[in-house]
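# Analysis of the macromolecular model
Now for the letters of each chain:
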Amino acid sequence: MTEKPLIRINKLNVEFPLGRTLFGKPPMLRAVNDVSLDIMPGQFYGLVGESGSGKTTLGRAILRAVPISSGEITFEDSNVKYNVGGLAKKELKNYRKLAQLIFQDPYAALSPRMTVRDIIAEPLEVMGLTQTREETDERVRDIAAKCRLNLEHLRRFPHAFSGGQRQRISIARTLVCNPNFVVADESVAALDVSIQADILNLLQSLQNQLGLTFLFISHDLSVVAHICDHVAVMYLGTLVESAPTRKLFDNPSHPYTKALLSAIPSLDPDDRGNAQKLEGEIPSPANPPPGCKFHTRCPMAEDRCRKEVPQWRELSEDHFAACHLV
Amino acid sequence: MSLLKVENLNLQFRTDEGLITAVENVSFEINAGEVLGLVGESGSGKSVTAKSLMQLNPSNSVYSPESSIKLELENGGVDVLSLKSPRELVVVRGGAVSMIFQEPMASFAPALTIGYQMVEQLMIHTSMSKKESAALSVEMLERVGISDAGKRFHQYAFELSGGMRQRAMIAMALSTKPKVLIADEPTTALDVTIQAQVLDLMKDLVKEFGMAILFITHDLGVIAQVADRVAVMYLGRIVESGPVREVLHSPSHPYTKGLLHALPKLDALDEPLTPIPGDIPSPLERPPGCVFHTRCPEVLADRCNSSVPQRTNVGQDHFASCFAVDSTGKAA
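Predicted model, so just to flag it, every value in this text is computed and none were measured.

Broken down by element type, chain B carries twelve helices and 13 strands. Radius of gyration (C-alpha) of chain B: 21 Å, near the 20 Å computed for a compact globule of 332 residues. Counting only C-alpha atoms, chain B reaches 65 × 50 × 40 Å along its principal axes. Here chain B holds 332 residues, and 46% of them are scored as buried.

Here it is, written out as structure tokens:
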């Protein structure tokens, strides 16, 4: 590909201090460990993993919502280039006009004391993107229509809406400032299946209409398979596999990806219990195992896995994995 | 002989806005050794139905006079809704009926050890001594696959991981040897890999203890994996019920079909997702006639909005309440 990536992450590390000590440095918890990935413009990039795998932290690091310990994140479109880690206050504000977040829980994300119109207009006012009230109203109406909310909805308060409608309001607020890049962190996890499909379709049509790039964070592989064109799998802060969706689901290489796929409960009652089950639980990130981090649960683990950290290798075009055995 | 029989359960909540119908004409039965799956979206009344089996609904709930919940035990039947005092209710609250909740962190008391809570309930429900209760509790913790059970027994809920807490919850619910186990979204808060472990464990335990399980979930995949029979709920009514294979392979009710179509499937990645149109109506604006007619793609103009469809037999032991299906199970 000759196209330049919109987001380029190079050896990113995010660490949090574990408690405080009187002298010296406290022990650090490494939530994201040496992650490198590129997100192309217009891509629907999926990030999957269990809870505690660091996927949310990675998403937040890209938005500079958590401090970056080391490594580089660059954001580059046709007009600007930002080194996300080194942004000063004013530049950070400009960057956030371009990179936005959709939250998981539409019940917690909307202020109960504001009307829907005010909720959607708030980013425009805070960022000073519009001068007059008429201009603000016009942009709010425009984005609301794109998210299938009508004028009547704008006058009401969030309590009058169902989960799916609230998530549409939340999406409208995210998109009102015309961002290029959106992190959707478990944005359909709290919704019922019948509504979930509706929101997924909406995100897809908005991406086509507005030319957005998405980082879609989810624990649900079947949702990711449907909506994303590229998927990366995370385990304990590191990437274990990444490939275009089709390749990953047709030909998963890393034992962790295979286990995740086979753990999805099948809709066919005749297909019971023949899945490859994973033993144990994800270890604490405060005390990660040496070597390959997955070796404690890996059904194929060898001696080497317990000592050496596996390299991130290209298996076939655009398909990467970090495992000694593939 | 069915172990638990629910007939014509009608439940309303008294609120400032008037009576709100939560459950309407719900009937089902579960046999010993059987898993009945209860599926539905949020607001469909599945948790409220489960809680009425233990009379755990708040004091503003009103059961209609024809509602009946019968429990068959060795020493005679129990009419659950006629139980009044907390002392009488012990039999359905942890005695013959136990419950596993969705969020194990919220269901354990944070300031008491796991062991203390397990022993406490055994002392209430059985005639065991404290020592025997403690021994049984540790044994149960081992049985559900908790390593180092002796140590875990003395720990607090926050010291265990999510999967382990849910295992401890199951151990606690099963230690009184209940006849009926109610599992309300027991795996929803867990990761898929842990969910698979917990589902396996529950399947083993049904075989071993031979109890009846009412398994509540919104996830049809989980239902396909554990249930023998399934009942689909929408706005307080059971719209379809039958053996799990029948219902998932040849669904009759438009709502069940809609749920299945809306689900992303790994073996059909190119098929577009079809959401069920519209949103679940607010309980204050309960639609007349068939409750699903406001969102139904197969709605019949003159019937569905005025009269309530009756339960129709659409296959062996397979029922649906819909005007658009006849007894062959196909659209009329």
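Once that is clear, we can look at the nonpolar core. Among the nonpolar cores identified, the biggest contains 187 residues, and Ile62(A), Ile120(A), Ala172(A), Phe216(A), Val180(B), Leu214(B) and Phe215(B) are the most heavily contacted of them. Tallying contributions element by element places helix 8 (residues 162-174) of chain B first for this core, with eight residues. Excluding residues within four positions of it along the chain, Phe215(B) makes contact with Val35(B), Leu36(B), Gly37(B), Leu38(B), Ala183(B), Val226(B) and Ala227(B).

One ladder, built from nine bridges, connects strand 1 (residues 4-15) of chain B with strand 2 (residues 18-30) of chain B; its direction is antiparallel. Each residue of the ladder has a partner; that of Leu9(B), found in strand 2 of chain B, is Val26(B).

Quick look at the sheet that holds strand 3 (residues 44-48) of chain A now. Residue and element names in this part refer to chain A. A sheet is described by the order of its strands in space; here eight strands give the open sequence 6-7-8-3-9-10-12-11, paired in mixed fashion. Single-partner strands in this sheet number two, and they are strand 6 (99-102) and strand 11 (312-316). Across the sheet, the mean angle from the axis of one strand to that of its neighbour is 20°, orientation sign disregarded. Pairing analysis gives two bridges linking strand 10 (residues 238-244) to strand 12 (residues 319-322), with the strands arranged antiparallel. Looking at the pairing, Ser 242 lines up with Phe 320 of strand 12.

To continue, consider the interface of chain A and chain B. A common way to report how large an interface is uses the accessible area buried once the components associate. At the interface, 33 residues of chain A touch 36 residues of chain B. Contributing elements (two or more residues each) for the side of chain A that touches chain B: helix 6 (163-175), helix 7 (193-210), helix 8 (221-227) and helix 10 (255-263) of chain A. For the side of chain A that touches chain B, the class distribution of residues is 16 nonpolar, ten polar and seven charged.

In a packed pair of helices, the relevant descriptors are the angle between the two axes and the axis-to-axis distance. Residues and elements named next belong to chain A. The geometry of helix 3 (residues 116-127) relative to helix 4 (residues 133-146) is characterised by a closest axis approach of 10 Å and an angle of 120° between their N-to-C directions. Looking at the two axes, helix 3 sits oblique to helix 4. The crossing of helix 3 and helix 4 is right-handed. On the side of helix 3, the interface is formed by Arg 117, Ile 120, Ala 121, Leu 124 and Glu 125, while helix 4 contributes Thr 136, Arg 139, Val 140, Ile 143 and Ala 144. Looking at the contact of helix 3 with helix 4, its residues break down into six nonpolar, one polar and three charged.

This brings us to the domain arrangement of chain B. Residue and element names in this part refer to chain B. Domain boundaries in chain B define domain 1 (4-234) and domain 2 (238-321). Computed from C-alpha coordinates alone, the two centres of domain 1 and domain 2 are separated by 27 Å. With 19 residues of domain 1 at the contact, the number on the domain 2 side is 21 residues. Of all the secondary structure elements, the ones that give two or more residues to the side of domain 1 that touches domain 2 are strand 2, helix 10 (220-226) and strand 10 (229-234). If you tally residues by element for the side of domain 1 that touches domain 2, the top one is strand 10, at six residues.

Our focus in this paragraph is helix 6 (residues 130-143) of chain B. Residue and element names in this part refer to chain B. Between its first and last C-alpha atoms helix 6 spans 20 Å; for 14 residues at 1.5 Å apiece the expected length is 20 Å, and the two agree. All of the buried residues in helix 6 are Ser 133, Leu 136, Ser 137, Met 140 and Leu 141. The buried residues of helix 6 occupy an angular sector of 140° when projected down its axis, which confines them to one face. Residues of helix 6 that are exposed and point over 90 degrees away from its buried face: Lys 131 and Glu 139. Contact partners of the buried residues in helix 6: helix 5 (114-125), helix 7 (149-152) and helix 8. Immediately beyond the C-terminal end of helix 6, within one or two residues, lies Gly 145, with a positive phi of roughly 85°.

Our next topic: the environment of Ser59(B). Residue and element names in this part refer to chain B. Within the secondary structure, Ser 59 is located in the loop between helix 1 (46-52) and strand 4 (61-63). Owing to 5 C-beta atoms within 10 Å, Ser 59 belongs among the exposed residues under this scheme. For the pair Ser 59 and Leu 260, spaced 201 residues apart in sequence, the C-alpha to C-alpha distance is 36 Å.

Residues and elements named next belong to chain A. A sheet is described by the order of its strands in space; here four strands give the open sequence 2-1-4-5, paired in antiparallel fashion. Each edge of the open sheet carries a strand with a single partner, namely strand 2 (28-39) and strand 5 (81-83). Strand after strand, the sheet turns through a mean of 20° between neighbouring axes, direction not considered. Sheet topology places strand 1 (residues 7-17) next to strand 4 (residues 70-76); five bridges connect them, and they run antiparallel.

Parameters and conventions
- In every chain, residue numbers begin from 1 and rise along the written sequence.
- As a convention, the first chain written is A and the first ligand written is 1, with the rest following in written order.
- With the structure being a predicted model, the display of local features is reserved for residues of pLDDT at least 70 and the display and counting of side-chain atom pairs for 80 or more, all residues being used for whole-chain, interface and lining totals.
- Counting from the N terminus, the helices are the DSSP runs of H or I reaching at least four residues and the strands are the DSSP runs of E reaching at least two.
- A radius of gyration in this sense is built from C-alpha atoms; the matching globule rule multiplies 2.2 Å by the number of residues raised to 0.38.
- Once C-beta atoms are placed from the backbone, each residue is buried if 20 or more other C-beta atoms lie within 10 Å of its own, exposed if 12 or fewer, and partly exposed for counts between those two.
- Put simply, a nonpolar core is buried Ala, Val, Leu, Ile, Met, Phe, Trp, Tyr and Cys residues tied into one set by C-beta atoms within 7 Å.
- Once C-beta atoms are placed from the backbone, any two residues with those atoms within 7 Å are in contact.
- In this analysis, strands are considered paired if DSSP registers two or more bridges between them.
- For helices, the fitted axis covers only the stretch in contact; all axes are lines through C-alpha atoms, and the angles between them, taken along N-to-C directions, range from 0 to 180 degrees.
- Residues were grouped as follows: Ala, Val, Leu, Ile, Met, Phe, Trp, Tyr, Cys and Pro as nonpolar; Asp, Glu, Lys and Arg as charged; and all remaining residues, including Gly, as polar.
- Roughly parallel refers to an angle under 35 degrees, roughly antiparallel to one over 145, roughly perpendicular to one between 65 and 115, and oblique to any angle outside these ranges.
- Note: crossing handedness is left-handed where the near helix turns anticlockwise from the far helix by less than a right angle, and right-handed where it turns clockwise.
- Reported domain spans reflect what an automatic or database domain assignment gives.
- Under the convention used throughout, the expected extent of a helix is 1.5 Å for every residue step, that is, one less than its residue count.
- Think of the arc as the fan of directions from the helix axis to the C-beta atoms.

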